[in-house]
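Close look at the chain arrangement
Each chain, letter by letter, is given below.
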Amino acid sequence: MGEMDRQIDGFDRKILDIMAVEGRISVTELARRIGLSKSPTQARLKRLEDQGIIQGYTALFDPIRLGRDHVAFVEVKLTDTREAALAAFNKAVIQVPEVEQCHLIAGAFDYLLKVRTAGMPGYRAVLAERISTLPNVANTSTYVAMQTVKEEGLAPL
């Protein structure tokens with residue numbers, strides 16, 4: 001059991017499970033569903049936020065309806081994997097809005113990116129003008145998603 005697990009009790013887990021699916025639920029309704037009154041529920045929410053367990057609240061958008069229907073996964077191999085090179089890449093990739101996810105990978109390549117754009121021409125421009133010019137990029141390999149079968153946020157606890 002990790003350090004964070006000891007700080008999260010059954011009520012906190014219920015709060016997180018509900019909030020993962022219904023982020024706009026009222027505190028009154030949340031309190032009713034977890035079996036506490038409103039004040040302790042608010043205090044628990046604030047503590048979970050202050051501890052960084054709840055990092056924020058966002059709206060989920062349908063990328064297809066917004067014209068961003070092209071998803072590509074990009075393997076990135078760097079020329080240098082010392083700490084300074086990784087830090088430079090990390091800092092720069094965060095600034096590319098089309099990169100939805102970036103993961104440092106243990107394997108045959110260094111990073112795996114999830115990139116979402118409006119079609120192949122948009123992706124080609126992002127690859128050529130942004131991703132390929134990131135610090136220390138040696139080469140990339142692209143895998144285009146044909147269909148998204150499952151795409152969700154963090155699963156409830």
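The set of residues buried in helix H3 (residues 27-34) consists of Leu30, Ala31 and Ile34. The arc enclosing the buried residues of H3, seen along the axis, measures out at 100°, which places them on a common side. Packed against the buried residues of H3 are helix H2 (10-21) and helix H4 (38-50). Once H3 ends, the next one or two residues include Gly35, with phi positive near 90°.

The next thing to look at is the pattern of salt bridges. On inspection of all chains with the given rule, the structure shows 13 salt bridges. Taking the shortest distance from any N to any O, the salt bridge between Asp9 and Arg44 comes out at 2.9 Å. With Asp9 in the loop between helix H1 (3-7) and H2 and Arg44 in helix H4, the pair connects residues that are 35 residues apart, well separated along the chain. Taking relative accessible area as the criterion, Asp9 reaches 33% and is therefore assigned partly exposed. Notably, a salt bridge pairs Glu151 with Arg116, separated by 3.2 Å at the nearest N-O pair.

Right, let's talk about the sheet that holds strand S3 (residues 111-117) for a bit. Spatially, the 4 strands line up as an open sheet ordered S2-S3-S1-S4, and their pairing is antiparallel. A strand with exactly one partner marks an edge of an open sheet, and here the two such strands are strand S2 (99-104) and strand S4 (137-144). The sheet shows a mean angle of 20° between the axes of neighbouring strands, taken without regard to direction. Direction of pairing for strand S1 (residues 70-78) relative to S4: antiparallel, over a ladder of 7 bridges. Paired with Phe73 across the two strands is Tyr143, which belongs to S4. Contacting S1, S3 and S4, helix H6 (residues 119-131) runs over the sheet at an angle of about 135° to S3.

To continue, consider the pairing of S1. Within S1, 7 of the 9 residues are buried, leaving the element largely enclosed by the surrounding structure. In the sheet, S1 pairs with S3 via 7 bridges, with the strands oriented antiparallel. Residue pairing across strands places Val74 opposite Leu113, the latter belonging to S3.

Our next topic: the environment of Phe109. Positionally, Phe109 belongs in the loop between S2 and S3. Considered as a pair, Phe109 and Asp9 are 100 residues apart in the sequence and their alpha carbons are 39 Å apart. In this structure Phe109 touches Glu75, Val76 and Lys77, once residues within four positions along its chain are discounted.

This part covers unusual backbone geometry. The backbone phi angle of Asn136 is positive, close to 70°, even though this residue is not glycine. One can find Asn136 in the loop between H6 and S4.

Turning our attention to the packing of H2 against H4. Between two packed helices, what matters for the description is the angle formed by their axes and the separation of those axes. With their axes 11 Å apart at the nearest point, H2 and H4 run at an angle of 75° to one another. Judged on the interaxial angle alone, H4 and H2 are roughly perpendicular. Only Arg44, Leu45, Arg47 and Leu48 of H4 make contact with H2, whose side of the interface consists of Phe11, Asp12, Ile15, Leu16 and Met19. Looking at the contact of H2 with H4, its residues break down into 6 nonpolar, no polar and 3 charged.

We now examine the side chain of Asp80. Mapping Asp80 onto the fold places it in the loop between S1 and helix H5 (83-93). Here Arg82 takes part through its backbone nitrogen, which lies 2.9 Å from a polar atom of the side chain of Asp80. Non-local contacts of Asp80, meaning those with residues more than four positions away in its chain, are made with Ala85 and Asn136.

Criteria and thresholds
All residue numbers here refer to positions counted from 1 along the written sequence of the relevant chain. This being a predicted model, a pLDDT of at least 70 is required before a residue's local features are given, and a value of 80 or more before pairs of side-chain atoms are given or counted; all residues contribute to the totals for chains, interfaces and linings. Heavy atoms throughout the structure, all of them, feed into the side-chain values; hydrogens and water do not. Using a 1.4 Å probe on the protein chains alone, a residue whose accessible area is under 20% of its type maximum counts as buried, one over 50% counts as exposed, and one in between counts as partly exposed. What counts as a helix is a DSSP run of H or I of at least four residues, what counts as a strand is a run of E of at least two, and both are numbered from the N terminus. This arc is built from the directions going out from the helix axis to the C-beta atoms. We call two residues in contact when some of their heavy atoms are within 4.5 Å. The working definition used for a salt bridge is a side-chain nitrogen of Lys or Arg within 4 Å of a carboxyl oxygen of Asp or Glu. Here, any two strands with at least 2 DSSP bridges between them count as paired. To define axes, lines are fitted to C-alpha atoms, for helices over the stretch in contact only, and angles between the resulting N-to-C directions are given on a 0 to 180 degree scale. The cut-offs work like this: below 35 degrees is roughly parallel, past 145 is roughly antiparallel, 65 to 115 is roughly perpendicular, and the gaps in between are oblique. Classes in brief: Ala, Val, Leu, Ile, Met, Phe, Trp, Tyr, Cys and Pro nonpolar; Asp, Glu, Lys and Arg charged; the others, Gly included, polar. Polar contacts, as used here, are pairs of N or O atoms within 3.5 Å; protein pairs need one atom able to donate a hydrogen and one able to accept it. Residues neighboring in sequence count only if both atoms are side-chain atoms.

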